[in-house]
Amino acid sequence: MLFKVIQKESKQLFSDKMILFIAIIQPIILIFVFGSSFQGSIENISTIVVDEDQTTFSGYIVVGVNQSDFFETVSIKHDELNQSIQMVNESIVRAVVHIPKGFGSKLNSSEAGEIKIYIDSSDYIIFNTLSAAQADILRIALENITRDIVGDIQTEKEQKSIQIDEIKELFRQLQKESTFLEADLIKSKEEIEGQTEDIDELDEKLNSIKEAINGQLESLNNITDALDDIIPLVQSINTTEQQKISTIVSGLQTIQSSLDQIKAGMSDLSRQLEDVKLASGSLGVSGDVEDRLRNMDSLLNKADTLSKSINLDFNKLDKGFFAQPVITSAEGVHGDIKYFDYLSAGIISLVVFFVGVIVPALNVIVEKRNNTLYRLSTTPARGSSIFVGKFIVFLFFGLIETAYTLLLSVFWYDLRISGSLTDALIVLFLLTCSAVAIGLLLSSVVKTLQQGLLIVPLIVIPAFLLSQTFFPGDIMPELMNKLSYMSPLTFSTHALREIMIKGNPLNYQSIDIIALGAFTLVSLILFIISYRRIKY
């Protein structure tokens, strides 16, 4: 008996050529649509750069945007920030990178510069992707910014090294003058009688000055060597090497401390030299000694003036600044949205569309199978009355399903509806009309209930996958983006997002409204044409 049942069902199944055909092509279509729709990559997103600063540093940010795989610069402006943000609000472009005036001057003053990215947050995928892509802009821009900062540091070092070399040269001259002065004092000692002890005391003071000069010169040489050692480290660092930055900063602080000690030592030298001048004056030494002392005093004053002008300004190596010279922030022009809010327009459209298609399609198929349509055709009821009656009932049923689905989403999951609830219901009403019309059209070409149960998912699932529910059209493959406009769900999803997320009124969705109306009208016309064939 079991074998007979299997034989009977197999014969019935394989005798229906339409079911076999649908069963064969259904996986092909579904896998093709699913695979192709999700093959797009999130890159080359249309972006406007508003560069109000127009400096070298802001230019590096522009280069970073241009070279990033995520952004595609469609325009570079120097003002018009509000107009550019409005273009993001209307989804004409997806992002605006704003570089404010003063960005470059902040970096030159060792302050972190700030840039802001305004992103179309009505699309959850694009918003989250571009929010994360800030790092991509910074990675490219910071390579150039860091190079300039290191270049500035090296320039600073070279300038200070020149000044230190000038001081060293003055001290070498002081060494020579002190040697000559020592020789002059020996000669004065022979010329001046009875003041040998005073001359010896003066000589001791001079020796003390010579030792101090040699010590200062040695300290200056050490500073020069230390600067030469630090610069290769500076050239090799990047913004993430905090330990190396700390080592460099510590070394520079030591150098600055040594410079401060040299400045203090010069004050001592100046006092010692003044003592020598006073002592020599009281002894009545030769004019050569007086000239030497005046010359040494002049050289020491020049060295003192130069030393006071040397301050190592390496603020750009401050750990806080060098680690993050540029700060970025992202702002969604429509505020923060949940993934549920983003998907809900497509999911609600799917529920409405599926019910709107399957109920009239199966109803008419069952009536065809039970000869109900034939019996109706023998009554005084006109065909138009039968058609209009069915359409109204199915439409009313679809509207109940629409309101039910929408209210559940609002009250259970706090669905975001920034615009008018009435506008959202109007869009869903038009989608229901097109779904019912498509369902009636399908019923005219499907002969059995089994065929209907197979062909309805074959229509609904690809229409949903193509509806831009999961990915926006501008990141879908070009072919699939074009095919998506063959689905009424694409237009209902777009219109609902405009209303629920952006808060735009219904008149902003005129193209979507016309498209949904066209789907309804064309499907009804085709159904009416085939209606006589359904009756008999």
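Residues numbered from 1 in each chain as written. Predicted model: local features only at pLDDT ≥ 70, side-chain atom pairs only at ≥ 80, totals over all residues. Heavy atoms only, no water.

**What to know about the sheet that holds strand β5 (residues 326–332)**
Taken in spatial order, the 5 strands make up an open sheet running β2-β1-β3-β4-β5, and their pairing is mixed. Among the strands making up the open sheet, the edge pair consists of β2 (71–77) and β5. On average, adjacent strands in this sheet sit at an angle of 25° to one another, irrespective of strand direction. Sheet topology places strand β4 (residues 113–119) next to β5; 7 bridges connect them, and they run parallel. Its bridge partner being in β5, Lys-116 is matched across the sheet by Ser-329. (Pairing = 2+ DSSP bridges. Helix = DSSP H or I, 4+ residues; strand = E, 2+ residues; numbered from the N terminus. Axes fitted to C-alpha atoms, helices over the stretch in contact; angles between N-to-C directions.)

**Quick word on the packing of helix α12 (residues 339–369) against helix α15 (residues 421–445)**
In the contact formed by α12 and α15, the axes pass within 7 Å of each other and the chain directions differ by 30°. As summarised for this structure, α12 and α15 are arranged roughly parallel, according to the angle between their axes. Considering how the two elements wind past one another, α12 and α15 form a crossing that is right-handed. Every residue of α15 that contacts α12 at Ile-348, Ser-349, Val-352, Phe-353, Gly-356, Val-357, Pro-360, Ala-361, Val-364, Ile-365 and Lys-368 is listed here: Leu-428, Leu-431, Thr-432, Ala-435, Val-436, Ile-438, Gly-439, Leu-440, Leu-442, Ser-443 and Ser-444. (Parallel < 35°, antiparallel > 145°, perpendicular 65-115°, else oblique. Left-handed = near helix turned anticlockwise from the far one by under 90°. Contact = heavy atoms within 4.5 Å.)

**Section: a nonpolar patch on the surface**
Judged by side-chain polarity, Phe-340, Leu-407, Phe-411, Trp-412 and Tyr-413 come together as a nonpolar surface patch covering roughly 630 Å² of accessible area. Per element, the largest residue contribution to the nonpolar patch is 4 residues, and it comes from helix α14 (residues 383–413). In this fold, Trp-412 is placed in helix α14. (Patch = residues over 30% accessible without salt bridge, like charges linked within 9 Å, V, L, I, M, F, W, Y side chains within 5 Å. Areas by Shrake-Rupley, 256 points an atom, 1.4 Å probe, with all protein chains shown as cover. Salt bridge = Lys/Arg side-chain N within 4 Å of Asp/Glu carboxyl O.)

**Some thoughts on the pairing of β2**
The pairing of strand β1 (residues 45–51) with β2 spans 6 bridges and is classified as parallel. In the sheet register, Val-49 faces β2, and the bridge partner there is Ile-76.

**Here's the deal with the pattern of salt bridges**
Across all of its chains, the model carries 5 salt bridges by this definition. A salt bridge links Arg-94 to Asp-120, with the shortest nitrogen-to-oxygen separation between them at 2.8 Å. With Arg-94 in the loop between α4 (81–89) and β3 (95–99) and Asp-120 in the loop between β4 and α6 (124–132), this residue pair connects regions lying 26 residues apart in the sequence. As far as the burial class goes, Arg-94 and Asp-120 line up, both buried. When the shortest N-O distance is used, the salt bridge between Lys-482 and Glu-478 registers 3.4 Å. In this pair, Lys-482 and Glu-478 both sit in helix α17 (residues 478–483), 4 residues apart, roughly one turn of the helix. Overall, Lys-482 belongs to the exposed group, its relative accessible area being 56%. (Buried < 20%, exposed > 50% of the residue type's maximum accessible area, 1.4 Å probe, protein only.)

**Digging into helix α16 (residues 449–465)**
Helix length check: α16, at 17 residues, gives a terminal C-alpha distance of 25 Å against a target of 24 Å (1.5 Å per residue), a fit within 8%. The complete set of buried residues in α16 reads Gln-451, Gly-452, Ile-455, Val-456, Leu-458, Val-460, Pro-462, Ala-463, Phe-464 and Leu-465. (Expected span 1.5 Å × (residues − 1).)

**Brief notes about the pairing of β1**
With 7 of its 7 residues buried, β1 lies for the most part within the structure. The alternating pattern of β1 places Ile-45, Thr-47, Val-49 and Asp-51 on one face and Ser-46, Ile-48 and Val-50 on the opposite face, and all of these are buried. Note that β1 and β3 share 5 bridges and pair parallel. Bridge pairing in β3 links Val-50 to His-98.

**Some words on the packing of α15 against helix α19 (residues 510–529)**
Running from amino to carboxyl end, α15 crosses α19 at an angle of 25°, the nearest separation of the two axes being 8 Å. Classed by the angle they form, the pair α15 and α19 counts as roughly parallel. For the crossing formed where α15 meets α19, the hand is left-handed. Mapping the contact onto sequence places Val-427, Leu-430, Leu-431, Cys-433, Ser-434, Ala-437, Ile-438, Leu-440, Leu-441, Ser-443 and Ser-444 in α15 and Ile-513, Leu-516, Phe-519, Thr-520, Ser-523, Leu-524, Leu-526 and Phe-527 in α19. Its residues assigned to classes, the contact of α15 with α19 shows 14 nonpolar, 5 polar and no charged. (Nonpolar A, V, L, I, M, F, W, Y, C, P; charged D, E, K, R; others polar.)

**Some remarks on the packing of aromatic side chains**
By the definition in use, this model includes 7 aromatic pairs. Consider the rings of Phe-57 and Tyr-60, whose centres lie 6.2 Å apart with planes at 75°: the pair is edge-to-face. Of this pair, Phe-57 and Tyr-60 are both found in helix α3 (residues 56–67), 3 residues apart, which corresponds to roughly one turn of the helix. In this pair, the class of Phe-57 matches that of Tyr-60, namely buried. For the ring pair Tyr-485 and Phe-491, a centre distance of 5.8 Å and an interplane angle of 55° mean the geometry is tilted. Overall, the relative accessible area of 44% leaves Tyr-485 in the partly exposed class. Here the aromatic residues Tyr-124, Tyr-339 and Tyr-342 are joined through ring pairs into a cluster of three or more. The lysine or arginine in question, Arg-497, covers the ring of Tyr-342, its NZ or CZ lying 4.0 Å from the ring centre. (Phe/Tyr/Trp six-rings, centres within 6.5 Å; stacked < 30°, edge-to-face > 60°. Lys NZ or Arg CZ within 6 Å of the ring centre and 35° of its normal.)

**Looking at unusual backbone geometry**
Leave glycine aside and you will find that most residues have negative phi; peptide bonds, for their part, are mostly trans. If you check the backbone angles, Ser-91 has positive phi at about 60° while not being a glycine. Note on Ser-91: relative accessible area 26%, which makes it partly exposed. In the Ramachandran plot, Gln-468 falls in the positive-phi region, its phi being about 65° despite a non-glycine side chain. Tracing the backbone shows Gln-468 in the loop between α16 and α17.

**A look at the side chain of Thr-520**
The residue Thr-520 is located in helix α19 in this model. If we skip the residues at most four places from it in the chain, Thr-520 touches Leu-430, Cys-433, Ser-434 and Ala-437.

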